[in-house]
Every structure is written in C-alpha cells, then in structure tokens.
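Structure at a glance
In case you want the letters, here they are:
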Amino acid sequence: MIDVMKLLRGFRGLLVAVGVVVAGALAVQIVMLDQKGQTLPLDQSRMFMGLIALLMGGLLLVQGLGVVLLLKQRPAIAWRMSFRLMGWLTLVIGAVVTVLVMLIKPDPRGLPFAGSRLAVEAIMPLVAGVSAAFALSPDDEPALEVMAAGPRPLGWLLGERLLATGLAHAALTVTLMLVSLFGEGERNPVEAILRWLPAMLLFMGLGAYITLRSRQPAMGAALVGLLWFGFAFMGVSLLPGVPALRPLNLIQPIFWAFYAYLQPQMMLHEDYLLNRWMVTLMGLLLMNAAIGRLRDEETLLFGKRARQMPRGGAA
C-alpha cells in the first residue's frame, strides 16, 4: 500500500528544491546586472516571478491534499469556542482606529493611507495579523497537554482559530469597505476585495507562524507590525522605476511581486494580478507551515527541553 503522506512529502521536497534553484538563478542574474550598472528588465522579472508563483502554487496544492486527508477524519469543529477566544478587543480597537483614519482628509505630506478606502485597506490587515499572532501560543495555552491527548489534531485547533479570526475581520473589513465605496462612488467589488484580502492573509500567516516558531505571541505581533510599517510607509519607493540606493536596488526588480499594498494603477493589470496571487500564496503557505509545526507535540509541549531529553526516556 502506498504511503500517501510520504509521497506528498516527496513532492513537496522536489518543489522546494526547484524553487531554491530558480530563486538562486534570479539572484545571480540581478547581482551580475547590478555590477554592470544595469537592472533586471521587467519582462525577465515577470518571467521569473511567474515561475516562482507556479512552484508556490504547486507546493500549496500538495499541502492542500494533506488537509483533505485530515478532513476525511471529520473532526468536530468548535466554532463557539474559537470565536470566543478570537481576541475581540483587538478587533474593536482596530475598527475604532480605522474609522478615525477614514475621517482624516488625504494629504500627500501626512499619512500615506489617510482617507476612507486606503485606511480600510491598510489598517484592517494589520489588525488581523496581530490577532492571528495571539490565536495560539503554546506557553500561554491552558490545558494544552489535555488537548494534545485528545482525538483531534492540534493543527485542527489552530486552523479553527485562524478561520474564525479571518471571518470576523473579513466581515468587518467588507462592512467598512462598503461604506467607503459608497462614499467614493466606486463600483468594482472584485478589485476592492483584491486590495485588502491578500495582505490580510499574508499578515495572518506571518503572525501565526512567528508565534509558533518563537513561542512568543508578542514576537509574532511585533514582526507583523514591522513588516506592515515597511510596506505602508516605504514600499512604494522600492517599485520598478523609482530610484533606490544600494543595496535596496538589488531587491527592487522583484519586490513588486511581494508588495502587499500594490495598487492597480502602479503596474500593468497582469502584473497586479500576479502580485495578488503571490501575496495570497505566501499567506496561505505560512499558515500551513504554522499548522505543520503543531505536529511535533513533544517539542510543542516542552520546547527546547524536548531536544535535551534522552530518546529512551527521562534520565
């Protein structure tokens, strides 16, 4: 009988290896062109980013098959508890701050995201990322050992909480976005969703992964805030065609594909859609990586002490 999980891990390893080779070839080309005083043309950058997006999509598909196998076990979904532990205070504070920034008159010399629509797009993904960072912290979770001994995988627990967090923040974001679109007269709901949903998934995935990696929710929230600050205040300066100093010019040819707050008017429509796809993939892959870290229950429960324990049992 074929071991499906082992086969999936093999495909995942192959995709990661190919992705490393492609990223390495891209980095070498950028450095060589920089030494000649040139930059990577957008056409070549688009080709490399399209290939990397294809590999990331394949990796997500392989991981998604593992999720399908998990769903076949039909574990119970604790919706009520997931929404109760979601962190409503963060959501309320984020909503208040968003409304206040929405009322600020746009000014090129002030906040770059002041105004109704830009405020919703910029702030709500940050709030969702901070909430996701506190979704599940091993050191702060009561009765974690009891839950680990239960029939439901711990990864399912984190998935429930991230889903509840995402649904609550998405519902509020859609409500605020509808208000802003009504005031501005915009009639493209698909484009309105593409403006904020990929960024929200990225920040949520980053917050959850860093928390599980560091075992410190404050670290996850801090890195989400740091990345948000870079995107919100300095991201536009790294787009193609904008003068950039070294070594920032080395990431400029590819930064546009990962820029969470890219606007439709900044790039071609095809490039904008590729950017939205890659940002979404990064968020989903980070969420899956966070859930994957919960499979090692020994390290999850005991942290570094689990690596120091002898394999045969306690000393």
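Calculation notes
Residues numbered from 1 in each chain as written. Predicted model: local features only at pLDDT ≥ 70, side-chain atom pairs only at ≥ 80, totals over all residues. Heavy atoms only, no water. Helix = DSSP H or I, 4+ residues; strand = E, 2+ residues; numbered from the N terminus. Buried < 20%, exposed > 50% of the residue type's maximum accessible area, 1.4 Å probe, protein only. Contact = heavy atoms within 4.5 Å. Areas by Shrake-Rupley, 256 points an atom, 1.4 Å probe, with all protein chains shown as cover. Polar contact = N/O pair within 3.5 Å; in protein donor to acceptor, adjacent residues only side chain to side chain. 1 Å grid on protein atoms, 1.4 Å probe; cavity = no way out; pocket = protein on both sides within 12 Å on 5 of 7 lines; lining within 4 Å. Points joined across faces, edges and corners; volume = space filled by probe spheres on them. Patch = residues over 30% accessible without salt bridge, like charges linked within 9 Å, V, L, I, M, F, W, Y side chains within 5 Å. Salt bridge = Lys/Arg side-chain N within 4 Å of Asp/Glu carboxyl O. Phe/Tyr/Trp six-rings, centres within 6.5 Å; stacked < 30°, edge-to-face > 60°. pLDDT = per-residue confidence, 0-100. Axes fitted to C-alpha atoms, helices over the stretch in contact; angles between N-to-C directions. Left-handed = near helix turned anticlockwise from the far one by under 90°. Nonpolar A, V, L, I, M, F, W, Y, C, P; charged D, E, K, R; others polar.

**Some thoughts on the overall build of the protein**
Of regular secondary structure, the protein possesses 13 helices and zero strands. Each helix and strand of the protein, placed in order from N terminus to C terminus, yields the pattern α-α-α-α-α-α-α-α-α-α-α-α-α. For the protein, with 315 residues in total, the buried portion stands at 44%. Counting contacts in the protein only where the partners sit at least 6 residues apart, residues at least 24 apart contribute 72% of the total. Per element, the accessible surface of the protein, about 17,300 Å² overall, is 69% carbon and sulfur.

**Quick notes on the side chain of Arg195**
Mapping Arg195 onto the fold places it in helix α8 (residues 189–214). According to the relative accessible area criterion, Arg195 is buried, its value standing at 7%. Within the local environment of Arg195, its side chain forms a polar contact with the side chain of Gln263, the two groups lying 2.5 Å apart.

**Let's talk about empty space enclosed by the protein**
Within the structure shown, the criterion is met by one cavity of 30 Å³ or more. Of the pockets and cavities examined, the largest cavity occupies roughly 50 Å³. Surrounding the largest cavity, Ile30, Leu33, Asp34, Gln38, Thr39, Leu40, Asn249, Leu250 and Pro253 form its lining. Counting residues per element, the ones that place at least two in the lining of the largest cavity are α1 (4–35) and α10 (248–255).

**Remarks on the environment of Leu201**
Its place among the elements puts Leu201 in helix α8. We classify Leu201 as buried; its relative accessible area is 18%. If sequence neighbours within four positions are ignored, Leu201 has contacts with Thr280, Gly283, Leu284 and Met287.

**Some thoughts on a nonpolar patch on the surface**
A contiguous nonpolar surface patch, about 470 Å² in accessible area, is contributed by Val92, Val96, Val99, Leu100 and Leu103. If you trace the backbone, Leu100 turns up in helix α4 (residues 88–102). Leu100 sits in the exposed class, given a relative accessible area of 54%.

**Focus on the packing of aromatic side chains**
Applying the stated rule across the entire model yields nine aromatic pairs. When the centroid spacing of 6.0 Å and the interplanar angle of 45° are considered together, the rings of Phe231 and Phe255 count as tilted. Of the two residues, Phe231 sits in helix α9 (residues 217–234) while Phe255 sits in helix α10, which places them 24 residues apart along the sequence. Its relative accessible area of 7% is what places Phe231 among the buried residues. Residue classification places Phe255 among the buried positions, given a relative accessible area of 13%. The structure contains a cluster of three or more aromatic residues connected by ring pairs, namely Phe203, Phe231, Phe255, Tyr259 and Tyr261.

**Topic: the confidence of the model for the protein**
Here the protein shows a mean pLDDT of 82. Residues at 70 or above account for 79%. For the protein, the element scoring lowest by mean pLDDT is helix α13 (residues 305–308), at 50; α9 scores highest, at 93. Confidence drops under pLDDT 50 across residues 311–315; counting only partners more than four residues distant or on other chains, this segment forms one contact.

**Brief notes about unusual backbone geometry**
The backbone of Arg215 sits at a positive phi, close to 65°, despite the residue not being glycine. Classification of Arg215 by relative accessible area gives buried; the value is 17%.

**Some remarks on the packing of α8 against α9**
When two helices pack together, their arrangement is given by the angle between the helix axes and the distance between those axes. Contact pair α8 / α9: the axes reach a minimum separation of 7 Å and the direction vectors enclose 145°. Considering the relative orientation of α8 and α9, their crossing is right-handed. Between α8, through Leu202, Phe203, Leu206, Gly207, Ile210, Thr211 and Ser214, and α9, the contact on the second element is made entirely by Pro217, Met219, Gly220, Leu223, Val224, Leu227, Trp228 and Phe231. For the contact of α8 with α9, a count of residues per class yields 11 nonpolar, four polar and no charged.

**Brief notes about the pattern of salt bridges**
Oppositely charged side chains can form a pair if their charged atoms are brought close together. Under the counting rule described, the total for this entry stands at five salt bridges. For Arg117, the salt bridge identified is with Glu121, shortest N-O distance 2.8 Å. Residue Arg117 and its partner Glu121 are both found in helix α5 (residues 116–133); the two are separated by four residues, about one turn of the helix. Each member of the pair, Arg117 as well as Glu121, carries the same accessibility label: buried. When the shortest N-O distance is used, the salt bridge between Arg195 and Glu191 registers 2.8 Å.

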